[in-house]
Amino acid sequence: SDHFAVWTNPPSSQEQTCSGITLPNSSISIANLFYVESDELRCRSYSVSDTTNASTYIPASDTAIISGIHNMQILYGLTDRSFENSIPTRYISADTIDAITDEYSKKTAWSSVVSIRISLIVGTGINDDQDPSASSTFNIGDAPEIEYTDGNLRRVFSSTVALNNAIFQ
């Protein structure tokens, strides 16, 4: 599964980790890391004092958000800037973005990301009554084909989110 982080700088009265821990220092930003482990979507928080320092894990911030999540894949929508800056022309993985350079800015292609597509394989934990040993195969994101042979019912859910604060230089 993939993982992603959301970096925020909330007002001091709202500085909480994803597990609800209130932070005493209002001068830090919070980076919440979302990932799948043991069939759960989980979140772990880090404090970030500034962009040059490494993040520090906040103890007791690791929390399960929802169970039944078997896999998460993330693709990033890039614009080629030929039509409008906010319209993605392709979706690629983080590894692929790291390997290419934006032809306009000569920076990494991360400067051209305008949206994120998140796909989840969600399971019910309930076996298929018709065939409890049935296998199911899923293609999500750019991951290799994923096969389950335990007969549990699963479905893929995807959502695409526009990054409203994407800035092009």
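Residues numbered from 1 in each chain as written. Predicted model: local features only at pLDDT ≥ 70, side-chain atom pairs only at ≥ 80, totals over all residues. Heavy atoms only, no water.

Considering the overall build of the chain
1) Next: Looking only at helices and strands, the chain features one helix and 11 strands.
2) Next: The order of α-helices and β-strands along the chain, N terminus first, is β-β-β-β-β-β-β-α-β-β-β-β.
3) Next: Expressed as a percentage of the 169 residues in the chain, the buried residues total 34%.
4) Next: Sequence-distant contacts in the chain: of pairs separated by 6 or more residues, those separated by 24 or more amount to 55%. (Helix = DSSP H or I, 4+ residues; strand = E, 2+ residues; numbered from the N terminus. Buried < 20%, exposed > 50% of the residue type's maximum accessible area, 1.4 Å probe, protein only. Contact = heavy atoms within 4.5 Å.)

Focus on the confidence of the model for the chain
1) Next: In this model, the chain carries a mean pLDDT of 82, and residues with pLDDT of at least 70 account for 79%.
2) Next: Within the chain, the lowest mean pLDDT, 80, falls on strand β4 (residues 56-57), and the highest, 94, falls on strand β6 (residues 69-78). (pLDDT = per-residue confidence, 0-100.)

Comments concerning the sheet that holds β6
1) Next: Taken in spatial order, the four strands make up an open sheet running β7-β6-β8-β11, and their pairing is antiparallel. Of all the strands in the sheet, the pair left with one neighbour each is β7 (90-92) and β11 (152-162). Neighbour-to-neighbour, the strand axes of the sheet open up by a mean angle of 25°, direction not taken into account. (Pairing = 2+ DSSP bridges. Axes fitted to C-alpha atoms, helices over the stretch in contact; angles between N-to-C directions.)

Quick word on the packing of aromatic side chains
1) Next: This model, assessed by the stated rule, comprises four aromatic pairs.
2) Next: Aromatic side chains Tyr76 and Trp110 sit 4.9 Å apart centroid to centroid with 75° between the ring planes, which places their arrangement in the edge-to-face category. Here Trp110 lies in the loop between α1 (94-99) and β8 (113-127) and Tyr76 lies in strand β6, a separation of 34 residues in the sequence.
3) Next: By relative accessible area, which is 10% here, Tyr76 ends up buried.
4) Next: With 6.1 Å between their ring centres and 65° between their planes, Phe138 and Tyr148 make a pair best called edge-to-face. (Phe/Tyr/Trp six-rings, centres within 6.5 Å; stacked < 30°, edge-to-face > 60°.)

Concerning the nonpolar core
1) Next: Ranked by size, the top nonpolar core spans 13 residues in total, and within it Met72, Tyr76, Leu78 and Ile97 carry the most contacts.
2) Next: If you tally residues by element for this core, the top one is β6, at five residues.
3) Next: Residues within four places of Tyr76 in sequence aside, it is in contact with Phe4, Arg90, Tyr91, Ile92, Ser93, Ala94, Ile97, Trp110, Val113, Ser115 and Ile116. (Core = buried A, V, L, I, M, F, W, Y, C linked by side-chain atoms within 4.5 Å.)

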